[in-house]
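Here are the chains, one letter per residue:
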Amino acid sequence: MRNVKIGMIGLDTSHATAFTKLLNDPTHPYHVKGGKVVMAFPVRSDDFELSYSRIKGITKEVEQCGVQVVDTIEEVADHCDAILVESVDGRVHREQVSILAPFKKPIFIDKPLCLRSTDALEIVKLSERYGTPIMSSSALRFAQDLRRALATGDKGNIIGADCFGPMEMVETQPGYFWYGIHTIEMLYTILGCGSQHVTAFSNQDTDLIISKWKDGRIGTVRGNRSGNYHFGAVIHFEKGNEYVQIDSSQKPFYASLLEQILMFFNSGETIIPVDETMEIIRFIEAANESRETGKSVSVGE
């Protein structure tokens, strides 16, 4: 692979620091080869405390990794081969992609892609209009433990899945868009597209999302706000079950994600179908609606 010059938009998430260190520090035990963050533009949301309170410190950390901080998104796009959109606020991603897409550089948009299915459609239209490849994903999708379980070859087809993880929520990123998306992406990694409808149950400490797929399979997502904060899943096969406990002591899932991103930057082709990413946004919308109304909500036709 070529050595990709990577630009970064948004320096208000810990992902910005973690990704930059993995890419730029060859002494890091899980160093990801093939690209380096060379330029960045910080973006803050003044009504989102987790954005404006962190941007100064994260910008300094990224600069210490040898990254040039500049004054505009356009300057980053003009001087780099590929872009990491790392703004922590999903509300701003559509606008950022509208600026970046005409440069025709591959764009990775950190989770969530956006916070509305209408915005997801507009992002895809921008990608198609300019021939600009896009990719979006949670790092949990590529956790070694999950990939190892999915590679099981002697238990037949997957007939269902139950996923679990922490479910913190914040006001500006509605419902499951903030932390729920991680566990929902795990569910989609296991079952793929095809959710028909969802029903969500919620109390102070726990959320439970139940969804039926069009082929009859059932998947669940359980979110915890008290007790344990581990990610994991039980994958149900025709001939048995596989328990997955995401173990952070092994290879960081950020490193596994970056390896996929570098392949995407080089080929322009993402391992995650865009249709699946769009369905995930609609799934979360529907689950949020069900959480508020108590009713089952359709995901798609």
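Structural notes, computed from the coordinates. (Residues numbered from 1 in each chain as written. Predicted model: local features only at pLDDT ≥ 70, side-chain atom pairs only at ≥ 80, totals over all residues. Heavy atoms only, no water.)

**Concerning the side chain of N288**
The criterion, for reference: Put simply, DSSP marks the helices as runs of H or I at least four residues long and the strands as runs of E at least two long, and each gets a number from the N terminus on. The definition of a polar contact used here is a pair of N or O atoms within 3.5 Å, where within protein one atom must be able to donate a hydrogen and the other to accept one, and adjacent residues in sequence count solely through side-chain atom pairs. Note on definitions: a residue-residue contact is assigned when non-hydrogen atoms from the two residues lie within 4.5 Å.
Take N288: it is sitting in helix 10 (residues 274-293). Only 3.0 Å separates the side chain of N288 from the backbone nitrogen of Y176, close enough to count as a polar contact. Once residues within four sequence positions are removed from consideration, N288 is found in contact with P174, G175, Y176 and F177.

**What about the sheet that holds strand 6 (residues 134-137)?**
Where we set the bar: A pair of strands is treated as paired once DSSP finds two or more bridges between them.
Taken together, six strands build an open sheet; the order of strands is 3-2-1-4-5-6 and the sheet is parallel. The open sheet terminates on both sides in strands that have one partner only, identified here as strand 3 (68-69) and strand 6. Pairing between strand 2 (residues 35-41) and strand 3: two bridges, direction parallel. Across the sheet, the residue bridging to M39 is Q68, located in strand 3.

**Some details on the side chain of H15**
What counts here: Note on classification: 1.4 Å probe, protein chains only; a residue is buried when its accessible area is under 20% of the maximum for its type, exposed when over 50%, partly exposed between these limits.
Take H15: it is sitting in helix 1 (residues 14-24). Relative accessible area serves as the criterion here: at 10%, H15 is assigned to the buried category. The residues contacting H15, other than those within four sequence positions of it, are E86, D110, K111 and Y254.

**Description of empty space enclosed by the protein**
Applicable threshold: Both site types are read off a 1 Å grid over the protein atoms alone. A 1.4 Å probe that fits but cannot get out defines a cavity, while an open set with protein on both sides within 12 Å along at least five of seven lines defines a pocket; lining residues have an atom within 4 Å of a point. Grid points are joined across faces, edges and corners, and a volume is the space filled by probe spheres set on the points.
Scanning all chains against the criterion turns up two cavities of 30 Å³ or more. Of the pockets and cavities examined, the largest cavity occupies roughly 70 Å³. Looking at the largest cavity, the residues that line it are I109, L113, V124, I134, M135, S136, T270, I272, V274, T277 and M278. Only strand 6 and helix 10 provide two or more residues apiece to the lining of the largest cavity.

**Examining the pairing of strand 11 (residues 232-237)**
The pairing of strand 7 (residues 158-166) with strand 11 spans six bridges and is classified as antiparallel. In the strand pairing of strand 11, A161 is matched with I235. By the bridge criterion, six bridges tie strand 11 to strand 12 (residues 240-245) in an arrangement that is antiparallel. Within strand 12, the position partnered with G232 by the bridge is Q245. If you look at the hairpin formed by strand 11 and strand 12, you'll find two residues sitting between the two strands.

So, to be careful, I would describe these as geometric facts and stop short of saying anything about function.
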